[in-house]
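# Report on the structure
Each chain, written out:
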Amino acid sequence: MNCLRAYAQLVRLPNVFTAFADIGLGILATWQLLPEDLPKDWVWRALCLLAASGCLYCGGMVFNDVFDLEQDKRERPFRPIPSGRISRSAAVLFGVALLAAGIGCALLAGRRVSGWDRSSFYVACILAACILVYDGWLKRFWAGPLGMGACRFLNVLLGLSLAPNLGWPWGAHLALVVGVYIVGVTWFARTEAQISNRSALAGAAGVMVVGLLLALAAPVIVAEFHLGPRPSILFPYLLIGLGFLIGFPVSRAISRPTAPHVQKAVKQAILGLVILDATLASAIAGISGLAILLLLLPALYLGRWIYST
């Protein structure tokens, strides 16, 4: 049991549901806007995409700790690798297996009677490469948040790989909203284990706000290209509610930029991604898009025992 908990902590298990939320957004958008383009076995393909995203996300978390071992020895000695509960070599093998499984599941998602659709496979391969580049090199530079935003952008596109041409152009806008939001969250979290710079935190919060403002255009852009269901009447209120939900802890962290305050704000912002995905889905699929919010239940439950930042 302790071994399983160590591996759950290594992959930051509560956060994997945010990756599922990205895929759910892509699947719901395709289901509502392009139902005629979905294959008969689209449910199987959707499950494969969920598995692919989960494996890629967890693999990225593993390599994050593998590459950060020396830093974690100083700042997070309780993490599974620096504490000795999981060896670095075992973590590397686990991470490789997860990334390979993610790419394999994406390949299976393209299996059709008439042949193979490799769009999911290609997106997964690019996403895996971006994860390794970010974990191993990019996050140590100013462009690190952009790299993480690109990973989330690609994760949404993975969910949209059920659609022809990845749902261009409305699909790209949905992915951009999530990507920009995560750029802000990643920037905000860059120095979460120590005293943070107030100006940097304020700038990161501004980027998160830009992501939420971009979300306002989603119903308009979708309506230009498809006559889908009317957006949920709750859409703008959910967006405003999300702003307040992450705004309060973010404001407290900016006024008192200590590690506990910043980490609490980061955790709230990460879970807020599920709400953002659900809000975007409600702008396209109507009230049914809010089903994504159910992913908050296991994320919050597991978060009571497993450290998620």
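Below or above, wherever it landed, is the structure these notes cover. (Residues numbered from 1 in each chain as written. Predicted model: local features only at pLDDT ≥ 70, side-chain atom pairs only at ≥ 80, totals over all residues. Heavy atoms only, no water.)

### Some details on the pattern of salt bridges
Under the definition given, this model contains eight salt bridges. In this structure, the salt-bridge partner of Asp 65 is Arg 79, at a minimum N-O distance of 2.7 Å. Of this pair, Asp 65 sits in helix H3 (residues 42–67) while Arg 79 sits in the loop between helix H4 (69–75) and helix H5 (88–109), placing them 14 residues apart in sequence. For the pair Asp 65 and Arg 79, one class covers both residues: buried. With a shortest N-O distance of 2.8 Å, Asp 68 and Lys 139 are connected by a salt bridge. On the criterion of sequence distance, the pair formed by Asp 68 in the loop between H3 and H4 and Lys 139 in the loop between helix H6 (119–136) and helix H7 (144–159) is long-range, its members being 71 residues apart. Here the residues in one salt-bridge network are Arg 12, Asp 65 and Arg 79, joined through shared partners. (Salt bridge = Lys/Arg side-chain N within 4 Å of Asp/Glu carboxyl O. Helix = DSSP H or I, 4+ residues; strand = E, 2+ residues; numbered from the N terminus. Buried < 20%, exposed > 50% of the residue type's maximum accessible area, 1.4 Å probe, protein only.)

### Quick look at the environment of Val 16
Topologically, Val 16 is positioned in helix H2 (residues 16–33). Contacts of Val 16, omitting those with residues within four sequence positions, involve Gly 54, Tyr 57 and Cys 58. (Contact = heavy atoms within 4.5 Å.)

### Remarks on the nonpolar core
Formed by 92 residues in total, the largest nonpolar core has its most connected members in Tyr 181, Phe 188, Leu 276 and Leu 280. At 15 residues, the largest contribution of residues to this core is made by helix H12 (residues 259–285). Not counting residues up to four positions away in its chain, the partners in contact with Tyr 181 are Met 208, Gly 211, Leu 212, Ile 246, Ala 269, Gly 272, Leu 273 and Leu 276. (Core = buried A, V, L, I, M, F, W, Y, C linked by side-chain atoms within 4.5 Å.)

### Some points on unusual backbone geometry
With the exception of glycine, most residues fall at negative phi, and the peptide bonds are largely trans. Residues Trp 168 and Pro 169 are joined by a peptide bond in cis, for which omega reads 0°. Tracing the sequence through the fold places Pro 169 in the loop between H7 and helix H8 (170–188). Even without glycine at this site, Arg 12 takes up a positive phi of about 50°. Looking at the element boundaries, Arg 12 is found in the loop between helix H1 (2–10) and H2. By relative accessible area, which is 6% here, Arg 12 ends up buried. Phi is positive for Leu 166, close to 55°, though the residue is something other than glycine. Mapped onto the fold, Leu 166 is located in the loop between H7 and H8. Of the residues examined, Leu 166 reaches a relative accessible area of 24% and is grouped as partly exposed.

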